[in-house]
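Coordinate analysis (summary)
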Amino acid sequence: QKEVEQNSGPLSVPEGAIASLNCTYSDRGSQSFFWYRQYSGKSPELIMSIYSNGDKEDGRFTAQLNKASQYVSLLIRDSQPSDSATYLCAGGDSGYALNFGKGTSLLVTP
Amino acid sequence: EAGVAQSPRYKIIEKRQSVAFWCNPISGHATLYWYQQILGQGPKLLIQFQNNGVVDDSQLPKDRFSAERLKGVDSTLKIQPAKLEDSAVYLCASRAPGNYGYTFGSGTRLTVV
């Protein structure tokens, strides 16, 4: 069973703070990892991808991958109320479908 | 580029009835997926197509669900007969060659009463 585990939250952070979202996975064959943002009633939207150990930054978002620990994280700097959503972590092997976690609900309070 | 198109957006049916969903992926995307997302959970893969061939349908409840992708473009997902537990959002996604990130359609919200 290829599991992707996330804390369902909700994670509450004040506006302007750093939000830290975490994810672990069971399949050591997974090579690619993604973070999707899903607003209530909407479909998931890809916000970050990461394939190698280390950090990858894109604007206010930083994804971190540690394959030895089977751990993926997403940091959101200067959090805004518009970042309030559910964040889905997903991982998979090349050519195969992604396995998704249940998502972490993030609430950014003004 | 145009996104992944899905229809209908919403559907309400009675249990034991049948229903079909349609998906048109982004042009040039050979890989197409159908996912089921139950409220409060992450998307769960139902079936993966590569062109018009099935790559993975191991989690598709084949006694009631079927899917096809004729000519390697549009796809339909059918449920017959529907059960109450099939109430969910059915998401279609496609992926460009060499790019592992998916683009999702807007989904179809199915309610079985």
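The preceding data block contains the structure.
These figures come from a predicted structure and were not determined experimentally.

**A look at the overall build of chain B**
Secondary structure assignment for chain B yields 0 helices and 11 strands. Ordered by position from N to C terminus, the α and β elements of chain B give β-β-β-β-β-β-β-β-β-β-β. Taking 113 residues into account, the globule formula puts the C-alpha radius of gyration at 13 Å, and chain B, at 13 Å, falls close to it. Its C-alpha atoms give chain B principal-axis dimensions of roughly 40 × 25 × 25 Å. Considering only residue pairs separated by 6 or more positions, chain B has 52% of its internal contacts joining residues 24 or more positions apart.

**Description of the pattern of salt bridges**
Enumeration over the complete set of coordinates arrives at 5 salt bridges over all chains. Ionic pairing is found between Arg60 of chain A and Asp83 of chain A, a salt bridge with its closest N-O pair at 2.9 Å. Here the residue Arg60 of chain A occupies a position in the loop between strand 6 (54-58) and strand 7 (61-66), and Asp83 of chain A occupies one in the loop between strand 8 (71-76) and strand 9 (85-92), the gap between them amounting to 23 residues. Since its relative accessible area comes to 1%, Asp83 of chain A is described here as buried. Measuring nitrogen to oxygen at the nearest pair gives 2.5 Å for the salt bridge that ties Arg64 of chain B to Asp86 of chain B. Of this pair, Arg64 of chain B sits in the loop between strand 6 (53-56) and strand 7 (65-68) while Asp86 of chain B sits in the loop between strand 8 (75-79) and strand 9 (88-95), and the two are 22 residues apart along the sequence. Across the pair, exposure class does not vary: Arg64 of chain B and Asp86 of chain B are buried alike.

**Examining the state of the cysteines**
All names here are of chain B. As enumerated under the stated definition, the model contains 2 disulfides over all chains in all. Between the sulfur of Cys23 and that of Cys92 lies a disulfide, 1.9 Å long from S to S. Across the S-S bond linking Cys23 and Cys92, the dihedral sits near -70 degrees, which makes this disulfide left-handed. Of this pair, Cys23 sits in strand 3 (residues 19-24) while Cys92 sits in strand 9; the two residues are 69 residues apart in sequence, bridging distant segments of the chain.

**Observations regarding the interface of chain B and chain A**
Across the contact, 18 residues belong to chain B and 18 residues belong to chain A. Between chain B and chain A the total buried area reaches about 1400 Å² when both faces are included, carbon and sulfur atoms providing 55% of it. Applying the counting rule to chain B against chain A returns 0 salt bridges. Put simply, chain B and chain A have 6 residue pairs in polar contact (both at pLDDT 80 or more) between them. Elements represented by at least two residues in the side of chain B that touches chain A include exactly strand 4 (31-37), strand 5 (44-50), strand 9 and strand 10 (102-104) of chain B. Of the residues forming the side of chain B that touches chain A, the biggest block, 3 residues, is contributed by strand 4 of chain B. Its residues assigned to classes, the side of chain B that touches chain A comprises 8 nonpolar, 8 polar and 2 charged.

**Thoughts on the sheet that holds strand 1 (residues 4-6) of chain A**
Residue and element names in this part refer to chain A. Strand order in the open sheet made by the 5 strands is 1-3-8-7-6, with antiparallel pairing throughout. Of all strands in the sheet, those with a lone pairing partner are strand 1 and strand 6, marking the two edges. Across the sheet, the mean angle from the axis of one strand to that of its neighbour is 20 degrees, orientation sign disregarded. Pairing of strand 1 with strand 3 (residues 19-25) involves 3 bridges; the strand directions are antiparallel. Across the sheet, Gln6 pairs through a bridge with Cys23, a residue of strand 3.

**Things to note about the side chain of Ser30 of chain A**
With respect to the helices and strands, Ser30 of chain A occurs in the loop between strand 3 and strand 4 (32-38). On the basis of relative accessible area, Ser30 of chain A is assigned to the buried category, the value being 4%.

**Considerations on the environment of Gln38 of chain A**
Residue placement: Gln38 of chain A occurs in strand 4. In sequence terms Gln38 of chain A and Ser79 of chain A are 41 residues apart; their C-alpha atoms lie 16 Å from each other. Contact partners of Gln38 of chain A, with chain neighbours within four places excluded, come to Ser43, Pro44, Ala85, Thr86 and Leu88 of chain A together with Gln37 of chain B. In this structure the side chain of Gln38 of chain A is engaged in a polar contact, spanning 2.9 Å, whose partner is the side chain of Gln37 of chain B.

Reading the values: the criteria
- Residues numbered from 1 in each chain as written.
- Chains lettered and ligands numbered in written order.
- Predicted model: local features only at pLDDT ≥ 70, side-chain atom pairs only at ≥ 80, totals over all residues.
- Heavy atoms only, no water.
- Helix = DSSP H or I, 4+ residues; strand = E, 2+ residues; numbered from the N terminus.
- Rg over C-alpha atoms; globule rule 2.2 N^0.38 Å.
- Contact = heavy atoms within 4.5 Å.
- Salt bridge = Lys/Arg side-chain N within 4 Å of Asp/Glu carboxyl O.
- Buried < 20%, exposed > 50% of the residue type's maximum accessible area, 1.4 Å probe, protein only.
- Disulfide = S-S within 2.5 Å.
- Buried area = accessible area lost by both parts, 1.4 Å probe.
- Polar contact = N/O pair within 3.5 Å; in protein donor to acceptor, adjacent residues only side chain to side chain.
- Nonpolar A, V, L, I, M, F, W, Y, C, P; charged D, E, K, R; others polar.
- Pairing = 2+ DSSP bridges.
- Axes fitted to C-alpha atoms, helices over the stretch in contact; angles between N-to-C directions.

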